[in-house]
Amino acid sequence: MGKTKSYSISKHVVLDAFKRVKANRRSAGVDGETIEEFEISLKSNLYKLWNRMSSGSYFPPPVRVVGIPKDNGGKRPLGIPTVADRIAQMVVKLYLEPEIEPWFHPDSYGYRPGKSATEAVGVAKQRCWHHDWVVDLDIKGFFDNLDHELVMRAVRKHTDNKWILLYVERWLKAPAQLEDGTNVSRHKGTPQGGVISPLLANLFLHYAFDEWMKRNNPIIPFERYADDIIVHCVSERQATWLKEKIKERLIKCGLELHPEKTKIIYCKDGNRRGTYQNESFDFLGYTFRPRSAKTKLGRFFMNFSPAISNKATKEIRRVMRGWHIHRCSGETLEELSRFCNPILRGWINYYGRYYRSALYRVFNTLNRSLMRWAMRKYKRFKFHKRRATNWLRSIAKRQPDTFAHWQIGIKP
């Protein structure tokens, strides 16, 4: 007879966890092993992982930390676990998430099945029309400052499963390996980039913020996507008061509001008089601000609504310029479209949900690249921008399905 395992973990769940990790296509961890290399001996690797997890002998390796550039010139640390560790974390997530998910607040949108960022943006849009003021909360170094004991206390509220509690605690304490190879022990925080981290972060803020708001300010609406939080108020006085109360609450939970980035915003529109120092805010890649709109009768008015942010616009243009389409003179237009369209559709589906006309200035960058491509590819257009543009325009008119942005009317 085989030895009885300490913990009952399904091999089928381990296999499902691998499939989900594979679909995410992340970088290698501290051991340098890629998902393709792990897959070479898949059956053996998954068995070893299941065996160690089931016996309680699985210890997570250090998490590789890389710096992601930020707008202010600094770097945001991103933790990259090994492939095997990502699978192990996914196993725990698949067991734990169904226990936690039903308890989450309906206005918590981040990293949840059936919820989306565009849904959060849409709800925020509607509430800005009915509430004159917003508190835009920014939690300083959120993922890096989570109190481990408070995280574990929250997890224990939803499960008494010993192996889940064991491994969650080990992941919280797993050391970080810096880019110079140094291992650093961690006494707080959870790696931003770990599979289990978003679930733990959501659970932490469920008790630190959502439940606190529900108890103390039940009529004040908010939208939360992980640590991105927007709260709607009826007056500047209420917004100022609430900002201080939230600040006090988060301090008790070991967190701090960023003093410069946390702001009170006046949602100004055609009916709201006066001015305020802040009349716009960014939320999930959209900028909310006063914008011109048109009624069904053709009359223009001013409303407070979202459109793609300048930050998102800048990033999309950076990616498109990185394609170097003007240098791909050996490719056909159809080959270029096959490469571009899946990415373009993703951007359009997300950023085109609200105030789609703002995408014109984004995708005109691609039209200019296509014009330069035509000038390189065809001798008759070599020194003739207008001819190249007119040629592309004629194709866009005859075959608008060639490029995804042409389909929504953003043509050369």
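The preceding data block contains the structure.
Draft legend 1. Local environment of the pattern of salt bridges. Applying the stated criterion to the full structure yields eleven salt bridges. Two residues, Glu315 and Arg318, come together in a salt bridge whose shortest N-O distance is 2.6 Å. Separated by three residues within a single helix, Glu315 and Arg318 lie in helix α10 (residues 310-322), roughly one turn from each other. Judged by relative accessible area, which is 38%, Glu315 ranks as partly exposed. On the accessibility criterion, Arg318 (48% relative accessible area) is partly exposed. Put simply, Asp107, Arg127 and Glu223 are held in one network by salt bridges that share partners.

Draft legend 2. Quick peek at the environment of Ile164. Relative to the assigned elements, Ile164 resides in helix α7 (residues 162-173). Assessed through its relative accessible area of 3%, Ile164 is described here as buried. When the C-alpha positions of Ile164 and Lys115 are compared, they lie 25 Å apart, and in sequence the two are 49 residues distant. With sequence-adjacent residues up to four places away left out, Ile164 is seen in contact with Val92, Tyr95, Leu96 and Thr159.

Draft legend 3. Fine view of the pairing of strand β6 (residues 222-225). Side chains Phe222 and Arg224 of β6 all project onto a buried face; the interleaved residues Glu223 and Tyr225 project onto the opposite face, where all are buried too. Between the end of β6 and the start of strand β7 (residues 228-233), which pair antiparallel, lie two residues, with Ala226 showing a positive phi angle near 55 degrees.

Draft legend 4. The arrangement of the sheet that holds strand β9 (residues 281-283) in detail. Pairing is antiparallel in the open sheet, where three strands are placed in the order β9-β10-β11. Two strands in the sheet have a free side with no partner beyond their single neighbour: β9 and β11 (300-308). Direction aside, the axes of adjacent strands within the sheet are offset by 50 degrees on average. The sheet contact formed by strand β10 (residues 286-294) and β11 spans nine bridges and is antiparallel. The partner of Ser292 across the bridge, within β11, is Met302.

Draft legend 5. Spatial organisation of the layout of surface pockets. Counted as a void, the second largest pocket has a volume near 380 Å³. Along its surface, the second largest pocket is lined by 20 residues, and Arg26, Lys93, Gly194, Val195 and Pro198 are the ones closest to its centre. Secondary structure elements with two or more residues in the lining of the second largest pocket: α1 (11-24), α4 (83-100) and α8 (197-216). If you tally residues by element for the lining of the second largest pocket, the top one is α4, at five residues. Partitioned by chemical class, the residues of the lining of the second largest pocket number nine nonpolar, six polar and five charged.

Draft legend 6. A look at the packing of α8 against helix α9 (residues 236-252). Taken N-terminus to C-terminus, the directions of α8 and α9 make an angle of 130 degrees; their axes are 11 Å apart at the nearest point. Comparing the axis directions of α8 and α9 gives the class oblique. Crossing handedness for the pair α8 and α9: right-handed. Residue-level contacts link Tyr207, Ala208, Phe209, Trp212, Met213 and Arg215 of α8 to Leu242, Lys245, Ile246 and Arg249 of α9. Considered class by class, the residues forming the contact of α8 with α9 number seven nonpolar, no polar and three charged.

Draft legend 7. Molecular detail of the packing of aromatic side chains. Applying the stated criterion across every chain yields a total of 26 aromatic pairs. Ring centres of Trp323 and Trp347 lie 5.9 Å apart, and the angle between their planes is 20 degrees; this geometry places the pair in the stacked category. One end of the pair, Trp323, is in the loop between α10 and α11 (333-351); the other, Trp347, is in helix α11, and 24 residues separate them in sequence. You can call Trp323 buried: its relative accessible area is 14%. Arranged with centres 5.0 Å apart and planes meeting at 65 degrees, the rings of Phe403 and Trp406 form a pair that is edge-to-face. Across the pair, Trp406 and Phe403 agree in class, each one buried. A network of ring pairs unites the aromatic residues Tyr58, Tyr95, Trp163, Tyr167 and Trp171 as a single cluster. Seen from the ring of Tyr378, Arg380 lies directly overhead, with NZ or CZ sitting 5.0 Å from the centre.

Draft legend 8. Representation of empty space enclosed by the protein in the model. Going through the model one piece at a time under the given rule, you end up with one cavity of 30 Å³ or more. As for the largest cavity, its lining consists of Val63, Pro81, Asp85, Gln89, Trp171, Ala174, Arg186, Thr190, Pro191, Gly194, Ile196 and Ser197. Its residues placed into classes, the lining of the largest cavity shows six nonpolar, four polar and two charged.

Draft legend 9. Structural detail: the side chain of His158. Tracing the sequence through the fold places His158 in the loop between α6 (148-156) and α7. By relative accessible area, which is 11% here, His158 ends up buried. In this structure His158 touches Glu99, Ile100, Trp103, Leu203 and Tyr207, once residues within four positions along its chain are discounted.

Parameters at a glance
- Residues numbered from 1 in each chain as written.
- Predicted model: local features only at pLDDT ≥ 70, side-chain atom pairs only at ≥ 80, totals over all residues.
- Heavy atoms only, no water.
- Salt bridge = Lys/Arg side-chain N within 4 Å of Asp/Glu carboxyl O.
- Helix = DSSP H or I, 4+ residues; strand = E, 2+ residues; numbered from the N terminus.
- Buried < 20%, exposed > 50% of the residue type's maximum accessible area, 1.4 Å probe, protein only.
- Contact = heavy atoms within 4.5 Å.
- Pairing = 2+ DSSP bridges.
- Axes fitted to C-alpha atoms, helices over the stretch in contact; angles between N-to-C directions.
- 1 Å grid on protein atoms, 1.4 Å probe; cavity = no way out; pocket = protein on both sides within 12 Å on 5 of 7 lines; lining within 4 Å.
- Points joined across faces, edges and corners; volume = space filled by probe spheres on them.
- Nonpolar A, V, L, I, M, F, W, Y, C, P; charged D, E, K, R; others polar.
- Parallel < 35°, antiparallel > 145°, perpendicular 65-115°, else oblique.
- Left-handed = near helix turned anticlockwise from the far one by under 90°.
- Phe/Tyr/Trp six-rings, centres within 6.5 Å; stacked < 30°, edge-to-face > 60°.
- Lys NZ or Arg CZ within 6 Å of the ring centre and 35° of its normal.

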